[in-house]
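Commentary on secondary and tertiary structure
These are the residues of each chain, in order.
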Amino acid sequence: MSEHPSTGPAAAAPPTEQIVVPTAASTTMHHADAAYLPAVVAQPEPAAATDGAHEATRPFVTIVLPCFNEGQHVLQEIDRITAAMNSSEFTYELLCIDDASTDNTLEVLQEAASRYANLRVMPFRRNGGSGTARRIGTLQALGEIVVWTDADMTYENERIPELVRILRDDDSYDQVVGARTTEEGTHKWARVPAKWLIRKIAEKLTNQTIPDLNSGLRAFRREVSLPYLRLLPPGFSCVTTITLAFLSNQHDIKYVPTSYAKRAGVSKFHFVRDAYRYILQVLRMVMYFDPLKVLMPPALWLVVIALVKGVVDMVRHPFYFPASTVLLFVSGLMIGTLALLSDLVVRSRVGV
């Protein structure tokens, strides 16, 4: 794969007021997603004779940066990302999505767009959540490689070119994740054991080692991700979903150890609500791709317990089976039947 030249210094460019849908991606935006955008203008299909020139102007990397009430520090994050990318060999665009912020985030982004040639601003009409912003941003991305990160100064965004190089130089990987070696989020006393437990459940269900299940810093091949974007939930668990979707379909992921700083501004993470969503999303994704791993173990355990209890009941009271024994056995059969039917649906499904 050939290297891509770096872009020059930031040049003046007018603020983006309308969003252009990239037709070359052959991706149709769902009407529910399009409703978040204030204006969507279809880009005319280029003539066949100019297809090559059109593709040559497309950036190699798109960095999707969701922003919600990050006005005090988002400019620092933009400076850090653009400095790293301008010093790299890659052409890129920085797609900043204002998720209907209630502070001055949109004004800061629009002012920055006049000074950074590679910056594209996408304002939402209503708040859609981190997952919605990342899904729409990936659909709108012009780059072959998409990078997800946060605007809260927590991730080592200066290492984005390093993640992209891994994908460029090694075709065996479809995603590179910055695996955090520390935890600096709010409610640290509760987050660490909860995230460890959820990660172990995910590892058990996917038969994969997952150093960091929900890191917000990752780079992946856009074309590989497109079939899975409709599975992304609107909230923080979107990063967990894209990890499990790739692993469940045998797409190799490389984990690169990274540090994790204390966030700037106020965290939008709600421990009880979001932890519940994480667990639910792990089970949902494994059920979507391999329901037998979720349903068959409890079904078999119920049947085995019912058989053992039945033998004990027979010894204690010949030819008498209590209702609890019958209920255990029937429950096991019902769950096992549901597991087989679910697996049949998954295997007969066309596409993802």
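Look a little higher up for the structure.
Everything in this summary refers to the structure shown in the same document. (Residues numbered from 1 in each chain as written. Predicted model: local features only at pLDDT ≥ 70, side-chain atom pairs only at ≥ 80, totals over all residues. Heavy atoms only, no water.)

Helix and strand content of the protein chain: twelve helices and nine strands. Burial statistics for the protein chain: of 352 residues in total, 50% are counted as buried. Taking all contacts inside the protein chain whose residues are at least 6 apart in sequence as the whole, residues at least 24 apart take part in 80%. Surface summary for the protein chain: the accessible area is close to 16900 Å², and the carbon and sulfur share equals 63%. (Helix = DSSP H or I, 4+ residues; strand = E, 2+ residues; numbered from the N terminus. Buried < 20%, exposed > 50% of the residue type's maximum accessible area, 1.4 Å probe, protein only. Contact = heavy atoms within 4.5 Å. Areas by Shrake-Rupley, 256 points an atom, 1.4 Å probe, with all protein chains shown as cover.)

Below, the discussion takes up the sheet that holds strand β6 (residues 145-148). As summarised here, the arrangement of the seven strands in space is β5-β4-β3-β6-β8-β7-β9, forming an open sheet in which the pairing is mixed. Of all the strands in the sheet, the pair left with one neighbour each is β5 (119-123) and β9 (253-258). Strand-to-strand twist across the sheet, computed as the mean angle between neighbouring axes with direction ignored, equals 20°. Across seven bridges, strand β3 (residues 61-67) lies against strand β4 (residues 92-98) in parallel orientation. In the sheet register, Leu65 faces β4, and the bridge partner there is Cys96. Across the sheet, helix α4 (residues 105-113) touches β3, β4 and β5, and the angle it forms with β5 is around 150°. (Pairing = 2+ DSSP bridges. Axes fitted to C-alpha atoms, helices over the stretch in contact; angles between N-to-C directions.)

By themselves these figures say nothing about function.
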